Amino acid sequence: MSQANVEKHSPFSCISFSGFNTFVQTIDLMKHLVAPSILSSDFANLQSECDMLNNSDADWYHVDVMDGVFVPNLTFGMPVIKAIKKHATKPFDVHLMIVEPDKFIKDFADAGADILTVHYEACPHLHRSIQRIKAEGMKAGVALNPHTNVQLLEDLIQDIDLVCLMSVNPGFGGQSFIENTYTKIKTLKAMIQAKNASTLIEIDGGVTSANARKLIDCGADVLVAGSFVFKSPNPTETIKELKSL
Ligand code: DX5
Ligand code: ZN
C-alpha cells in the first residue's frame, strides 16, 4: 500500500489535532485504536486513572455523557470533563447520550472535547449538528443504537468523521455484546469504501479480548472498552492486550 493510501485508510488520517501531531507520528499507522471508557473508572481517583491512561497504550479517552432522558442513567457533564482534561495527554472522544445535543456543542468544545459524537436518534437535523460540531473545531461523530440501520447514514457519510456503532443498548457499562454488530460493521465498511469516505468505525459496548480481533477483521477502527479495562486486575496490561491484537 502506498503511503498516500495508508494515510487515507488509516485511523489516524482524521486525528491530527493540533498539539497531538507528535503523538500521532509515533504510532503505527495501520493499527486500530483503543479508547478506554472512563465510565467504568474509579471516580474517586480520577487523577490517578488519568495517569494510568496517559502512561498506557490507550489512544483516546472515551467519555460517556448521559442525561437520564435519552438513556436511563446519568453521568457527568462539562465541569468534570474540564477537570479531567487538565490531567490528560490524549484526545477526548466524547459520546453524548443526551437529547438536544446542539444546545451544548460549544460547551463541550470549551470543556475539551476533540471528537464529539451525537446520537442519530437524538438529532432531527443531523447534517446541521455535524456542521456545528466541525465549526467548533472538533471531529464529528454519529452514534447508532443497536436497532438503527447503518444505511440511514448513506447520504451523510462523507461528512462524518466517526460512526460509533453501539454494540449494547446505551446507558450502562458492563453489558453483553450484541452479535448482530459484526454484520453492521461489514455493511458500514462497504458503504464507507463505496463513497470513498475516510470515516472511522468505532465499536462501543461489551468489547473484550474475546471479540476484539473479530471486530477489527470486520472493519472496526476504534475499540471502546470500559469494564473490560477498568475492572481488570491490571488495566494497563489489559489496554496493551487490546492494542496488540
Ligand atoms: C454505554 C457507553 C459505553 C460503555 C462501555 O452506554 O456508551 O461507552 O462505557 O462499557 P463496557 O465496555 O463495559 O460495555
Ligand atoms: Zn460510549
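Preceding this paragraph is the structure being described.
Criteria and cut-off values
Residues numbered from 1 in each chain as written. Chains lettered and ligands numbered in written order. Predicted model: local features only at pLDDT ≥ 70, side-chain atom pairs only at ≥ 80, totals over all residues. Heavy atoms only, no water. Pairing = 2+ DSSP bridges. Helix = DSSP H or I, 4+ residues; strand = E, 2+ residues; numbered from the N terminus. Axes fitted to C-alpha atoms, helices over the stretch in contact; angles between N-to-C directions. Contact = heavy atoms within 4.5 Å. Donors = N, O, S within 2.8 Å, 3.2 Å for Na, K, Ca; no water. Tetrahedral: all angles 85-135°; square planar, octahedral: opposite > 155°, others 65-115°. Buried < 20%, exposed > 50% of the residue type's maximum accessible area, 1.4 Å probe, protein only. Right-handed = clockwise from strand over helix to strand, strands pointing away. Near = heavy atom within 4 Å. Polar contact = N/O pair within 3.5 Å; in protein donor to acceptor, adjacent residues only side chain to side chain. Areas by Shrake-Rupley, 256 points an atom, 1.4 Å probe, with all protein chains shown as cover. Nonpolar A, V, L, I, M, F, W, Y, C, P; charged D, E, K, R; others polar. Phe/Tyr/Trp six-rings, centres within 6.5 Å; stacked < 30°, edge-to-face > 60°. Lys NZ or Arg CZ within 6 Å of the ring centre and 35° of its normal.

**Q** Which parts of the structure should I look at to understand the sheet that holds strand β8 (residues 222–225)?
**A** Strand pairing in a sheet is mediated by backbone hydrogen bonds. Such pairs are either parallel or antiparallel. Pairing within the open sheet is parallel, and its eight strands lie in the order β1-β8-β7-β6-β5-β4-β3-β2. Looking at which strands have only one partner, the edges of the open sheet turn out to be β1 (33–36) and β2 (61–66). Taking each pair of neighbouring strands and ignoring which way they run, the sheet shows an average axis angle of 25°. Of the pairings in the sheet, the one linking strand β7 (residues 200–204) to β8 comprises three bridges and is parallel in character. By the bridge assignment for β8, Asp204 is matched with Val224. Relative to the sheet, helix α4 (residues 78–85) contacts β2 and β3 (92–97), its axis offset from that of β3 by approximately 170°.

**Q** Could you clarify how one ought to interpret the coordination of the zinc ion (ligand 2) in this entry?
**A** Four donors placed tetrahedrally around a metal ideally meet at 109.5 degrees, and six donors placed octahedrally ideally meet at 90 or 180 degrees. Within the first shell, the zinc ion (ligand 2) binds the protein through His62 (NE2), Asp64 (OD), His95 (ND1) and Asp204 (OD), at distances of 2.1 to 2.3 Å. Coordination at the zinc ion (ligand 2) comes from six donor atoms whose angles at the metal span 69 to 173°, giving a geometry best classed as octahedral. Donor residues for the zinc ion (ligand 2) sit on one chain with the sequence pattern H-x1-D-x30-H-x108-D. A residue pair is termed long-range when its members are at least 10 positions apart, and His95 in strand β3 and Asp204 in strand β7 qualify at 109 residues. Summarising the burial analysis for this pair, His95 and Asp204 share the class buried.

**Q** What should I look at first to understand the pairing of β8 in this one?
**A** Within a regular beta strand, the side chains point alternately toward one face of the sheet and then the other, so they alternate between its two faces. A two-sided burial pattern is seen for β8, the buried positions comprising Val222 and Val224 on one face and Leu223 and Ala225 on the other. Two elements, β1 and β8, share four bridges in a ladder whose sense is parallel. By the bridge assignment, Ala35 is partnered in β8 with Val224. On the question of chirality, the crossover connecting β7 to the parallel β8 by way of helix α8 (residues 212–218) is right-handed.

**Q** What am I meant to see in the site of ligand 1 here?
**A** Asp64, Gly171, Asp204, Gly226 and Ser227 are the nearest of the 20 residues found near ligand 1. Contact between ligand 1 and His95: an oxygen atom at 3.2 Å from a side-chain N or O atom of the residue. In this structure, an oxygen atom belonging to ligand 1 sits 2.8 Å away from a main-chain N or O atom of Gly206. Within the complex, the protein chains bury 99% of what would otherwise be the 380 Å² of accessible surface of ligand 1. Those elements giving two or more residues to the shell around ligand 1 turn out to be β2, β3 and β8. When the residues that make up the shell around ligand 1 are grouped by side-chain class, the tally is eight nonpolar, 10 polar and two charged.

**Q** What am I meant to see in the side chain of Asp114 here?
**A** As for its placement among the helices and strands, Asp114 is situated in the loop between α5 (105–111) and β4 (115–119). For Asp114, a relative accessible area of 11% corresponds to the buried category. Polar contacts involving the side chain of Asp114 include one to the side chain of Lys85, which spans 2.9 Å.

**Q** What should I look at first to understand unusual backbone geometry in this one?
**A** Across the chain, the bulk of peptide bonds are trans and the bulk of non-glycine residues have phi less than zero. In this model, Glu100 sits at a positive phi of 45°, which is unusual for a non-glycine residue. Phi at Asn196 takes a positive value of approximately 55°, unusual for a residue other than glycine. Checked against the element boundaries, Asn196 lands in the loop between α7 (181–194) and β7. Judged by its relative accessible area of 52%, Asn196 falls in the exposed class.

**Q** Quick question: what am I supposed to make of the packing of aromatic side chains here?
**A** How two aromatic rings sit relative to each other is given by the distance of their centres and the angle of their planes. Taken as a whole and judged by the stated rule, the model has three aromatic pairs. Across from the ring centre of Tyr182, 4.1 Å away, lies the NZ or CZ of Lys214, which sits over that ring.

**Q** Teacher, can you tell me more about the environment of Pro79 here?
**A** In this fold, Pro79 is placed in helix α4. A C-alpha to C-alpha distance of 7.4 Å links Pro79 and Ala111, two positions 32 residues apart in sequence.

**Q** Looking at this model, I keep getting lost on the pairing of strand β6 (residues 162–166). Mind explaining?
**A** For β6, a buried count of five out of five residues is recorded, marking the element as mostly surrounded by other parts of the structure. Here β6 shows a buried face lined by Leu162, Cys164 and Met166 and a second buried face lined by Val163 and Leu165. Note: strand β5 (residues 139–144) against β6, four bridges, orientation parallel. Paired with Leu144 across the strands is Leu165, a residue of β6. Summarising the sheet, β6 and β7 pair through five bridges and their orientation is parallel. Its bridge partner being in β7, Leu162 is matched across the sheet by Leu200. A crossover connection joins β6 to the parallel β7 through α7; in handedness this β-α-β unit is right-handed.

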